[in-house]
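Descriptive structure summary
For reference, the chains in residue letters:
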Amino acid sequence: FTVLFMYFTSVSTAQTTDCLHLREQCINGANGCESVWNVVEDVCNISVLGNRCKAEDAIGCNRIIQVLADEYPEFKNCVCTTDSFYMIYDLCPYPYLFVLDNISMETKLQWSLSALSKQAYTANRTCLDVNKECVEDEVCNKQLSLYLKVCSVSKKCNMEECQAAIRFFYQNMPFEVAQMMTFCDCIQPDESCHRAKELLHGKPCAVTAVPTPSCLNVIHMCEENELCRKKYTAFWSKCWRHVTKECYDDEACLETLIKDDMPCSANADCKEAYVSNWGTMLRVECTCQNLPPAEQSLCELFHHMLHSKSCFS
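So, a few notes on the structure that sits alongside this text. (Residues numbered from 1 in each chain as written. Predicted model: local features only at pLDDT ≥ 70, side-chain atom pairs only at ≥ 80, totals over all residues. Heavy atoms only, no water.)

**Description of the overall build of the chain**
- From N to C terminus, the chain includes 15 helices and zero strands.
- Buried residues in the chain amount to 48% of all 313 residues.
- Sequence separation of 24 or more characterises 72% of the internal contacts of the chain that already satisfy a separation of 6 or more. (Helix = DSSP H or I, 4+ residues; strand = E, 2+ residues; numbered from the N terminus. Buried < 20%, exposed > 50% of the residue type's maximum accessible area, 1.4 Å probe, protein only. Contact = heavy atoms within 4.5 Å.)

**Some details on a negative patch on the surface**
- Residues E246, D249, D250, E251 and E255 make up a contiguous surface patch of negative charge.
- Summarising the element assignment, E246 is placed in the loop between α12 (226–239) and α13 (251–259).
- Assessed through its relative accessible area of 62%, E246 is described here as exposed. (Patch = residues over 30% accessible without salt bridge, like charges linked within 9 Å, V, L, I, M, F, W, Y side chains within 5 Å. Areas by Shrake-Rupley, 256 points an atom, 1.4 Å probe, with all protein chains shown as cover. Salt bridge = Lys/Arg side-chain N within 4 Å of Asp/Glu carboxyl O. Lys, Arg positive; Asp, Glu negative; His and termini not counted. Charge placed at Lys NZ, Arg CZ, Asp CG, Glu CD.)

**Some points on the packing of aromatic side chains**
- Overall, the coordinates contain seven aromatic pairs when judged by the stated rule.
- With a centroid separation of 6.5 Å and 80° between ring planes, the pair formed by F235 and W240 is classed as edge-to-face.
- A residue is classified by how much of its surface remains accessible, and W240, at 1% relative accessible area, is buried.
- Ring plane angle 70° and centroid distance 5.4 Å describe the contact between Y248 and F302, whose orientation is recorded as edge-to-face. Taken together, the residues Y248 in the loop between α12 and α13 and F302 in helix α15 (residues 293–307) connect sequence positions 54 residues apart. Each of the two residues, Y248 as well as F302, counts as buried.
- Here a set of aromatic residues connected by ring pairs shows up, and it is made of Y147, F169, Y170 and W278. (Phe/Tyr/Trp six-rings, centres within 6.5 Å; stacked < 30°, edge-to-face > 60°.)

**Looking at the packing of helix α11 (residues 215–223) against α12**
- One way to put it is that α11 packs onto α12 with a least axis distance of 6 Å and a crossing angle of 115°. One way to sum up the angle between α11 and α12 is to call them roughly perpendicular. Across from I219, C222 and E223 in α11, the residues of α12 making contact are C228, R229 and Y232.
- When the residues that make up the contact of α11 with α12 are grouped by side-chain class, the tally is four nonpolar, no polar and two charged. (Axes fitted to C-alpha atoms, helices over the stretch in contact; angles between N-to-C directions. Parallel < 35°, antiparallel > 145°, perpendicular 65-115°, else oblique. Nonpolar A, V, L, I, M, F, W, Y, C, P; charged D, E, K, R; others polar.)

**Some remarks on the packing of helix α6 (residues 127–136) against helix α10 (residues 191–200)**
- Put simply, α6 and α10 touch, their axes get as near as 7 Å, and they point 60° apart. Here α6 lies oblique to α10, going by the angle between them. Considering only the axes of α6 and α10, their crossing is left-handed. Contacts between α6 and α10 involve C127, L128, V130 and N131 from the first element and S192, C193, A196, K197 and L200 from the second.
- Of the residues contributing to the contact of α6 with α10, the split by class is six nonpolar, two polar and one charged. (Left-handed = near helix turned anticlockwise from the far one by under 90°.)

**Notes on the environment of T287**
- One can find T287 in the loop between α14 (268–276) and α15.
- It is 10.0 Å that separates the C-alpha atoms of T287 and F302, two residues lying 15 residues apart in sequence.
- In contact with T287, not counting residues within four places along its chain, are T212, P213, S214, C215 and C299.
- Of note is the side chain of T287, whose polar atom sits 3.1 Å from the backbone nitrogen of Q289. (Polar contact = N/O pair within 3.5 Å; in protein donor to acceptor, adjacent residues only side chain to side chain.)

**Observations concerning the nonpolar core**
- Grouped together as the largest cluster of nonpolar side chains are 67 residues, with contacts concentrated most on Y170, M181, Y232, W240, L301 and F302.
- Counting residues per element, this core draws most heavily on helix α7 (residues 138–151), which supplies seven residues.
- Each of domain 2 (96–201) and domain 3 (215–307) accounts for three or more of the residues forming this core.
- Setting aside its immediate chain neighbours within four residues, Y170 contacts A178, M181, T182, L200, H201, V275 and W278.
- Among the nonpolar cores identified, the runner-up in size contains eleven residues, and C26, V36, I64 and I65 belong to it. (Core = buried A, V, L, I, M, F, W, Y, C linked by side-chain atoms within 4.5 Å. Domains from an automatic or database assignment.)

**Focus on the pattern of salt bridges**
- Within this structure, the stated rule accounts for five salt bridges.
- For K230, the salt bridge is made with E226, and the minimal N-O distance between the two is 3.5 Å. Here the residue K230 and the residue E226 both occupy positions in helix α12, the gap between them amounting to four residues, near one helical turn.
- Residue K230 is classed as exposed on the basis of its relative accessible area of 54%.

**Section: the side chain of K271**
- Here K271 shows up in helix α14.
- Despite being buried, K271 has no salt bridge partner; E176 is the closest side chain of opposite charge, sitting 8.5 Å away.
- Leaving out residues up to four positions away in the same chain, K271 has contacts with Y121, F175, Q179, F183, A266 and F312.

**Topic: the state of the cysteines**
- Under the definition given, this model contains nine disulfides.
- The partner cysteine of C134 in its disulfide is C140, sulfur to sulfur 2.0 Å. Judged by the torsion about the S-S bond (-95°), the C134/C140 disulfide is left-handed. Each of the two residues, C134 as well as C140, counts as buried.
- Shown here is the disulfide that connects C239 with C270, its sulfur atoms set 2.1 Å apart. Given an S-S torsion of about 115°, the disulfide between C239 and C270 has right-handed geometry. Taken together, the positions of C239 in helix α12 and C270 in helix α14 put the pair 31 residues apart, joining distant regions of the chain. (Disulfide = S-S within 2.5 Å.)

Following this line, the structure appears as structure tokens:
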């Protein structure tokens, strides 16, 4: 509990810059910022009414945001402190205004100076140990604090915002660190460890839907979302290519796969694809209860693919 106390203290005392305030300063200033901002709104298709953005010209949006951030660096790390503020690009509605690869290079540079990032990945780490190491590391603690601010259970949870925060958190850290956090676990009945695990893995905000969807519905919802569909396709191709779609309609094939605990490729590419699933529908808790018998085996197959870590053991 000492670790968690340290953790929430760091969150509550973190100093952040409000994006909305910066926007108002930009529009009302006489330093040329307003003209750049107007181009950002046009190119990135931002709605001043607070609706979600849809940047159809992603490359152009990237470029003009980079121009704004280069000219006015305070925009790089601002945080939105109001739910009505609009966001930019395909990680909407993450509370950062600018979450783009070419700008997050600054974050990656910070990680390169982190002692935690220089540790080699070791399996069977407890989530309490991993959480403690992150809290004690200045770079990791900063990123974790920002993520927890979005996913905090003390306010009304917004699943999409929390999922986007997790995506940013995991995708902007060294893969060795991401592995440690993703594959950490607990030995029963260590309550402190389980609490740390929930914090690291976005529970309950990012993974608990009410009512709990079936695993079949999770796959269907994922396929309807472009970002999730790309990640699922990569996950299948890197980890489960041997599970062919022809098997989906073959009861005997499905039962054989489930009975054999269905190993994945478990190589580095597979692990990276698995980590990339965090912050998408693919990590939402799902069930196979109350389904028709004809759908049961396929549902169990998807549940195993999405939530079992046995193939990485």
